[in-house]
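Chain residues, written in single-letter form:
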Amino acid sequence: MPRFYCPVPLSVGQPLRLPDHVAHHVQVLRMQPGDLVTLFNGEGGEYTASLTLVERKGASAEIKTFSPREAELPYAITLAQALPEGSKFDWIIEKSVELGATSIQPLAAQRCVVRLSAERAEKKQAHWQGVIVAAAEQSGRNRLPLLAPLSPLNDWLAQQDLHRRVLLSPRGGQSLSDWARHQPSQALALLIGPEGGFTEAEETLACVHGAMMLSMGPRILRTETAGLAALAALNAVWGEM
C-alpha cells in the first residue's frame, strides 16, 4: 500500500482533499477511487484511507482506520555530519533516515569542499527536507527526523546538548562498537568529519567541549560511510526493541 506524508490534521471518518504533492503521486501511480493508501502526518501512528476522487486537478480520500504503529528507535541518535561534496549528503540523509536517525545536523567545517551562501543554504534545506520525507515514506517511519539548520562546527560545539557527543576519528583509541557493548542504550550525537576529516584543532576543540573520541575500527571510512556504519553498529549492539 503506498504511503504518503500528509502534514495536516487527520482523524478517522474525515473526508480529505489530499495535498497537491500527494495527489500528484496518486496520479503518477494511476490509482483509482476505492484504492487504499496509508497517510501519516508526523504526529504519531498512521491512517488507512480510501481514495474517493482522482482527477487531473487533484484527489480526495476518506480516512477509514488508525494504527498506532511506530518504527522509531528506543534511543535518540543525532547525525552531526560535516557537509560532503556533490550529492553525497542526499544519500547520507536518505540512508540515515532508513536506519532510524532522530535528527540530522549539517555542519560547516574547515575542510568542507562545499561552501553555501545563506540563500543556497536555505534552498538546500528545503531540498534536504524533501529527501527526509521521501525516505520516511519508503521506510515506514511515521515521524520525521528533525533537520537542523546548517551550523558552523564551532558554534554547534559551543551549544549545550543533553546528548552525549561521540567524535568518530581514526585517532580514537576504542571502537564505537566495543564501547557500545559495555554501555546501556542511550541518546547520542555522532560527529562525522568531511572529506579529509576534521583538523586536529577541530578534534581538540570537540574534546574540550566534552566529545568522546572513538573510532570505527582499523579501516578509515569515507565520510558518506562512517555515520551510516555507526548507526548500523549501534542498532546491532543495542538492538531496536
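Visitor: Sorry if this is basic, but what is going on with the nonpolar core here?
Guide: Note that soluble globular proteins tend to have their nonpolar side chains buried in a common cluster. Counting residues in hydrophobic clusters, the biggest one holds 50 residues, and the most contacted among them are Ile 77, Ile 93, Leu 176, Leu 190, Leu 191 and Leu 234. No other element matches the seven residues that helix α3 (residues 118-139) contributes to this core. The residues touching Ile 93, leaving out its near neighbours within four places in the chain, are Ile 104, Trp 128, Val 131 and Ile 132. Counting residues in each nonpolar core, the second largest holds 17 residues, with Val 26, Tyr 47, Leu 51 and Ala 61 among its members.

Visitor: Sorry if this is basic, but what is going on with the packing of aromatic side chains here?
Guide: Any pair of aromatic rings gets described here by the distance separating the centres and the angle formed by the planes. Taken as a whole, this structure holds five aromatic pairs when the rule is applied. Aromatic ring contacts, followed pair by pair, group Tyr 75, Trp 179 and Trp 238 into a single cluster. One cation-aromatic arrangement involves Arg 165 over Trp 156; the distance from NZ or CZ to the ring centre is 4.1 Å.

Visitor: Any chance you could explain α3 here in plain terms?
Guide: One turn of an α-helix holds 3.6 residues; hence residues three or four places apart share an orientation. With 22 residues, α3 should reach 32 Å at 1.5 Å per residue; the first-to-last C-alpha distance of 31 Å fits that figure. By the burial criterion, the buried members of α3 are Ala 121, Gln 125, Trp 128, Val 131, Ile 132, Val 133, Ala 135, Ala 136 and Glu 137. Buried positions along α3 lie against β1 (3-5), β3 (36-40), α2 (88-98), β7 (103-108) and β8 (146-147).

Visitor: Can you walk me through the side chain of Arg 165 in this structure?
Guide: Positionally, Arg 165 belongs in strand β10 (residues 164-168). Residue Arg 165 is classed as buried on the basis of its relative accessible area, which comes to 6%. Of the polar contacts made by the side chain of Arg 165, one reaches the backbone oxygen of Trp 156; its length is 2.9 Å. Side-chain polar atoms of Arg 165 contact the backbone oxygen of Leu 157, separated by 2.9 Å. Leave out the neighbours within four places in its chain, and Arg 165 touches Trp 156, Leu 157, Gln 159, Ala 189, Gly 210, Ala 211 and Met 212.

Visitor: Even after reading the chapter, I still don't get the packing of α2 against helix α7 (residues 223-238), so can you show me in this structure?
Guide: Each packed pair of helices is defined by two parameters, the angle between the axes and the distance between the axes. Remark: α2 packs on α7, axes separated minimally by 10 Å, with the N-to-C direction vectors making an angle of 5°. On the basis of their axis angle, the class for α2 and α7 is roughly parallel. In contact with Lys 88, Trp 91, Ile 92, Lys 95 and Ser 96 of α2, α7 contributes Thr 223, Glu 224, Leu 228 and Leu 231. Here the residues of the contact of α2 with α7 are counted per class, giving four nonpolar, two polar and three charged.

Visitor: Before we go on, may I ask you to explain the sheet that holds strand β5 (residues 58-67) in this structure?
Guide: Strand pairs in the sheet, formed through backbone hydrogen bonds, run parallel or antiparallel to each other. The five strands are arranged β1-β3-β4-β5-β2 in an open sheet whose pairing can be described as mixed. Either end of the sheet is taken by a strand with one partner, and the two such strands are β1 and β2 (15-17). Neighbouring strand axes in the sheet, compared pairwise and without regard to direction, differ in orientation by 40° on average. On top of the sheet, helix α1 (residues 20-28) reaches β1, β4 (46-55) and β5; it is set at about 160° to β1, its chief contact. Sheet contacts for α3: β1 and β3; angle to β1, the most-contacted strand, approximately 150°.

Visitor: Before we go on, may I ask you to explain unusual backbone geometry in this structure?
Guide: Note: most residues except glycine have negative phi, and most peptide bonds are trans. Positioned with a positive phi, Arg 30 is a non-glycine residue whose angle comes to about 55°. The residue Arg 30 is located in the loop between α1 and β3 in this model. Owing to a relative accessible area of 70%, Arg 30 belongs among the exposed residues under this scheme.

Visitor: How do you make sense of the layout of surface pockets when you look at a structure like this?
Guide: The method is simple in principle: a probe with the dimensions of a water molecule rolls over the atoms, and the space it marks as empty is what remains. A volume near 480 Å³ is recorded for the largest pocket. Considering the residues around the largest pocket, the lining is formed by 28 residues, among which Leu 168, Pro 170, Gly 197, Ile 220 and Leu 221 are closest to the centre. Breaking the lining of the largest pocket down by element, the ones donating at least two residues are α6 (200-208) and α7. If one sorts the elements of the lining of the largest pocket by residue count, α7 sits on top with three residues. Classifying every residue of the lining of the largest pocket by side-chain character gives ten nonpolar, nine polar and nine charged.

Visitor: Would you mind showing me how to read the pattern of salt bridges here?
Guide: In a structure, side chains of opposite charge can pair up when their charged atoms sit close to one another. If you walk through the whole model with that rule in mind, you get 14 salt bridges. Residue Glu 55 pairs with Arg 17 through a salt bridge whose shortest N-O separation is 3.8 Å. Of this pair, Glu 55 sits in strand β4 while Arg 17 is found in strand β2, placing the two residues 38 residues apart along the sequence. By relative accessible area, Arg 17 is classed as partly exposed at 46%. Among the salt bridges present, the one from Glu 203 reaches Arg 171, with a minimum N-O distance of 2.7 Å. You can see Glu 203 sitting in helix α6 and its partner Arg 171 sitting in the loop between β10 and α5 (176-181), a full 32 residues away along the chain. With relative accessibility at 46%, the residue Arg 171 sits in the partly exposed group. Members of the salt-bridge network, linked through shared partners, are Glu 85, Lys 88, Glu 195 and Glu 224.

Calculation criteria
- Residues numbered from 1 in each chain as written.
- Predicted model: local features only at pLDDT ≥ 70, side-chain atom pairs only at ≥ 80, totals over all residues.
- Heavy atoms only, no water.
- Core = buried A, V, L, I, M, F, W, Y, C linked by side-chain atoms within 4.5 Å.
- Buried < 20%, exposed > 50% of the residue type's maximum accessible area, 1.4 Å probe, protein only.
- Helix = DSSP H or I, 4+ residues; strand = E, 2+ residues; numbered from the N terminus.
- Contact = heavy atoms within 4.5 Å.
- Phe/Tyr/Trp six-rings, centres within 6.5 Å; stacked < 30°, edge-to-face > 60°.
- Lys NZ or Arg CZ within 6 Å of the ring centre and 35° of its normal.
- Expected span 1.5 Å × (residues − 1).
- Polar contact = N/O pair within 3.5 Å; in protein donor to acceptor, adjacent residues only side chain to side chain.
- Axes fitted to C-alpha atoms, helices over the stretch in contact; angles between N-to-C directions.
- Parallel < 35°, antiparallel > 145°, perpendicular 65-115°, else oblique.
- Nonpolar A, V, L, I, M, F, W, Y, C, P; charged D, E, K, R; others polar.
- Pairing = 2+ DSSP bridges.
- 1 Å grid on protein atoms, 1.4 Å probe; cavity = no way out; pocket = protein on both sides within 12 Å on 5 of 7 lines; lining within 4 Å.
- Points joined across faces, edges and corners; volume = space filled by probe spheres on them.
- Salt bridge = Lys/Arg side-chain N within 4 Å of Asp/Glu carboxyl O.

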